[in-house]
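Listed below, chain by chain, are the residues.
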Amino acid sequence: MEKKVSLFLLVALAIAVVLPVQVQSARAVPAITYRDTAFRKDVRALVESWLTTNPGFGPGLIRLAFHDCFVNGCDASVLLLSTPINGSDGRTERAAGSNTGLRGFPVIQDIRDKFGPGQGVTCADAIVYAAHEAINILSKGTIAYDNLLAGPGRPDSIRSSSDDPGRFLPGPRSSFAQLEAAFKVKKFIPQEIVALSGAHAIGVSQATSFNPPASGQMDPNYQAALAGEVAADAMAVRNNIRDMSNKTITDSQYKPNNVNMLAVGILDNSFYNAVLQKMVLFGSDAALKDPSVVANVMQYMNNATKWNEDFGFAMAKLSKLAAPKGAASASRRDCSAMN
């Protein structure tokens, strides 16, 4: 009996010694991030190649990530083309009015085709990674948050409805109260709203999105000068006055205030200088002069490094939004269709 007890005690002691070591070892293993993956430089090269021949895809990829992740999480549901099994009328998110003009779809499929089989990259992963690379490229490397992005494995949704974007995405004429309410659902604080809005330093918009603006939201000189931009191309009016024609800039009486006027098409903090001068296209951008956040606008205008960091953190947070629990999913080979 004594031998059996001694053997039991020895086994118990062994377990007591081994278990803490195993737990400690498990905690010490860091989560795999996008930075850790071997294919990250290859994804960048692929995105860079696409942007060389299709520069408009750069801002488009950033918008695509927001319009996917902000609705039902980063699940690639925005990529699905309309089919009879989606929604009450068969129309998917991609067919929603708020998703008009989305660009960059071929880039997402290219990433999925090249890195899906060997690296396990899903369509949802491809959207997140493409946006990251576009941001890094367009900011000339000043914005990088790859260490905050998880490795591959985001599930692709097999459901998409044109009704969903309108339930979550803020509109171009949203007041700040409306912006705050929409972002609060996704756990974003007001300062993060201001930070993410800085993406409007690049890209183009359709005149129907901002014309006519709400009373008093635009500087009158800017509004008058903007007519020339609309006449030149109503479907692709540049978001940032810094990137508009010299005539528009002069006629608007825009004050650069340390903005690099030669950095056309660069993702930087120049957007905030335009906000404070009421020279932005959207009512939702003009709303950032709200007393509750105007100090953040001024801070980002005066401190590019601060905005670079905060924008990166906010994009990483956006990229971590998950699909609702229990949502049907799979890994789609064709990002625009069901398997």
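Residues numbered from 1 in each chain as written. Predicted model: local features only at pLDDT ≥ 70, side-chain atom pairs only at ≥ 80, totals over all residues. Heavy atoms only, no water.

**Thoughts on the nonpolar core**
At step 1: With 89 residues, the main nonpolar core has V47, L79, I108, I111, F210, L267 and F311 as its most contacted residues.
At step 2: Take this core: its biggest share by element is 12 residues, from helix 5 (residues 123-138).
At step 3: Setting aside residues up to four positions removed in sequence, L267 forms contacts with I62, I135, L138, S139, I143, G198, A199, A201, I202, W307 and F311. (Core = buried A, V, L, I, M, F, W, Y, C linked by side-chain atoms within 4.5 Å. Buried < 20%, exposed > 50% of the residue type's maximum accessible area, 1.4 Å probe, protein only. Helix = DSSP H or I, 4+ residues; strand = E, 2+ residues; numbered from the N terminus. Contact = heavy atoms within 4.5 Å.)

**Observations concerning the state of the cysteines**
At step 1: Here the structure, examined in full by the defined rule, presents 2 disulfides.
At step 2: Linked covalently through their sulfurs, C69 and C74 form a disulfide whose S-S length is 2.1 Å. Every disulfide takes its handedness from the sign of the S-S torsion; for C69 and C74 that torsion is 120°, giving right-handed.
At step 3: Judged by its relative accessible area of 5%, C74 is buried.
At step 4: At a sulfur-sulfur separation of 2.1 Å, the disulfide partner of C123 is C335. Sign of the S-S torsion, about -90° for the bond between C123 and C335, identifies this disulfide as left-handed. Of this pair, C123 sits in helix 5 while C335 sits in the segment after strand 4 (329-330), and the two are 212 residues apart along the sequence. Assigned by exposure class, C123 and C335 land together as buried.
At step 5: Taken in sequence order, the bonded cysteines of the protein chain link in the pattern 1-2, 3-4. (Disulfide = S-S within 2.5 Å.)

**Topic: the layout of surface pockets**
At step 1: Roughly 1100 Å³ of internal volume is contained in the largest pocket.
At step 2: What lines the largest pocket is a set of 38 residues, and nearest its centre among them are R63, H67, H200, S205 and F282.
At step 3: Mapped onto the lining of the largest pocket, the elements with two or more residues apiece are helix 3 (57-72), helix 7 (176-185), helix 8 (190-197), strand 2 (204-205), helix 12 (283-286) and helix 14 (304-319).
At step 4: With 6 residues, helix 3 is the largest single contributor of residues to the lining of the largest pocket.
At step 5: Within this model, the second largest pocket holds a volume of roughly 250 Å³. (1 Å grid on protein atoms, 1.4 Å probe; cavity = no way out; pocket = protein on both sides within 12 Å on 5 of 7 lines; lining within 4 Å. Points joined across faces, edges and corners; volume = space filled by probe spheres on them.)

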